[in-house]
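Structural overview
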Amino acid sequence: MLICPPVARTMYFQKRTKRLKLVVVRSFSASVSAASEAGQLEHSQTLESFFDDTGEFFETKNEQPEWIKKVVAAGLVEKGSSVLVGPGSISLVPLLRSLEVNTVVAHWSLLELASVKAVDDEIRCWHGNVEKLPHSWGPFDAVFLGHSPAMAFSASTLFESVISRCRTGARVVINQSCGKSFLAPYREMYPHILLRDLPEPEELQSMINGLPLEFVSFQSDSSAYLVALEVNESPNKTEKDIDNKDISDFPLYASAKVVHGFGRGSKQMGIPTANLNPEELPKEILDLPKGVYFGWVQVKGEGLDAGVQKMVMNVGNRPTFADSDAVTIEVHILHDYKIDFYGQDVGIAVLGFIRPEMKFSSLDALVERIGDDIKAATLYLEEEVLKSYQTDRFFRM
């Protein structure tokens, strides 16, 4: 890991800022509608300023080789695992990369992310709160939170959002190499940063009550704080194990006419969808596990744009609305059509799976997740093996 004194760090940051804009994704909120969300935004901005000024404050305290090995071992990390590294755990990155682990780093400070990029420019970095990380970047097999519960605006919200980005059986590891005693004087110096102490078992249990998390191990003494939790039921589990990048079960081809749906896609969410007539779809499509898929689509009809476009397809019965048990096949086409095409034939090539069907607490949460699904589909379909299906002979028939 790259550690520099404050002046050198500032110079290094200035040299890398322009380049970082191309390689670090930042969390932006389109609007702040609730007081709690406004508080979270304000707190994350405070943390960003704090870490930009004193980046070594926590990160350098966690660099002992034996400690790093112990923390990584608590996450049950192995070759090919997908791992999310939060603030306070950046020192784990070199070991994780040597284990050939798919690593994502989330941090409030661009300076800290710059140090990560200096070690390995291929690591994906997220600038902002862990809770705002796109779901499409997961799911993860391990999450290392460092001292984040001591800084979180809402610890329960933090855990809930982490779980939603994990696979069943994933480990959530909270670590601080110097133990709670290390934090004590700094809590007095920076009460606006360290909102609470690292929790003891009873407090931690209260934070995770009602969540699918269970204790695996707990250590808290003068030398170290290390907690491992296991996700025993993830919202990201599915009836069928389909990897986002594995197209062995795909492509699946189908053609059907567009029929009228409930009209929510365009009227309520601003995301128009084409409902496909289920009576015309093959069994392979109708029997897909409920969830969100991606692929290519072509609308056929006189006077229509017949180009082959990217799509996100939902198979399910809209649990967020709970107004019907009927399974629908809805396609959101990533293209702006100037006219309606109800009654027209649509051809689809389904290439992969994004996530299972989920029930959301609000319409805004659903719209935000659909935005993540669209980003994921766009990213996947730029890969050469998947992009080649845009010119598949199916669309020329």
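Reading the values: the criteria
Residues numbered from 1 in each chain as written. Predicted model: local features only at pLDDT ≥ 70, side-chain atom pairs only at ≥ 80, totals over all residues. Heavy atoms only, no water. Pairing = 2+ DSSP bridges. Helix = DSSP H or I, 4+ residues; strand = E, 2+ residues; numbered from the N terminus. Axes fitted to C-alpha atoms, helices over the stretch in contact; angles between N-to-C directions. Salt bridge = Lys/Arg side-chain N within 4 Å of Asp/Glu carboxyl O. Buried < 20%, exposed > 50% of the residue type's maximum accessible area, 1.4 Å probe, protein only. Phe/Tyr/Trp six-rings, centres within 6.5 Å; stacked < 30°, edge-to-face > 60°. Lys NZ or Arg CZ within 6 Å of the ring centre and 35° of its normal. pLDDT = per-residue confidence, 0-100. Contact = heavy atoms within 4.5 Å.

1. Structural notes on the sheet that holds strand β9 (residues 252-259)
One closed barrel accounts for six strands, arranged β9-β10-β13-β12-β11-β14; its pairing is antiparallel. Going across the sheet, the axis of each strand differs from the next one's by a mean of 45°, ignoring polarity. Pairing of strand β11 (residues 291-300) with strand β12 (residues 308-316) involves eight bridges; the strand directions are antiparallel. Within the sheet, the bridge partner assigned to Gly 291 lies in β12 and is Val 315.

2. Overview of the pattern of salt bridges
Two side chains of opposite charge can pair, provided their charged atoms sit close to one another. A full pass over the atoms with the stated rule returns 10 salt bridges. The closest approach of N and O atoms between Lys 79 and Glu 100, which form a salt bridge, is 3.6 Å. Taken together, the residues Lys 79 in the loop between α4 (65-74) and β2 (82-85) and Glu 100 in the loop between α5 (93-98) and β3 (102-107) connect sequence positions 21 residues apart. Judged by its relative accessible area of 48%, Glu 100 is partly exposed. A salt bridge links Asp 345 to Lys 257; its shortest N-O distance comes to 3.3 Å. Of this pair, Asp 345 sits in strand β14 (residues 345-356) while Lys 257 is found in strand β9, placing the two residues 88 residues apart along the sequence. Sharing partners across several salt bridges, the network here consists of Lys 310, Glu 382 and Lys 387.

3. Brief notes about the pairing of strand β7 (residues 213-220)
Relative to strand β8 (residues 225-231), β7 is paired through seven bridges, and the arrangement is antiparallel. Bridged to Ser 220 within β8 is Tyr 225. What sits between the antiparallel neighbours β7 and β8 is a turn of four residues.

4. Things to note about the packing of aromatic side chains
Note on aromatic pairs: each is described by the distance of the centres and the angle between the planes. What the rule picks out here adds up to eight aromatic pairs. Between Tyr 253 and Phe 394, the ring centres sit 4.9 Å apart and the planes meet at 35°, which makes this aromatic pair tilted. Here Phe 394 lies in the segment after α13 (384-387) and Tyr 253 lies in strand β9, a separation of 141 residues in the sequence. Given a relative accessible area of 32%, Tyr 253 falls into the partly exposed group. Each member of the aromatic cluster is reached from another via a ring pair, and the members are Phe 215, Phe 218 and Tyr 225. When the ring centre of Trp 137 is taken as reference, the NZ or CZ atom of Arg 124 above it lies at 4.1 Å. Sitting above the plane of the Phe 394 ring, Lys 300 keeps its charged end 5.6 Å from the centroid.

5. Some points on the confidence of the model for the chain
Predicted coordinates in areas of low pLDDT are best not read in detail. Chain-level statistics for the chain give a pLDDT mean of 76 and a share of 76% at 70 or above. Mean pLDDT in the chain bottoms out at helix α1 (residues 6-23), which sits at 37, and peaks at β2, which reaches 93. With pLDDT under 50 throughout, residues 1-23 is counted as low confidence; its partners more than four residues away or in other chains account for 39 contacts.

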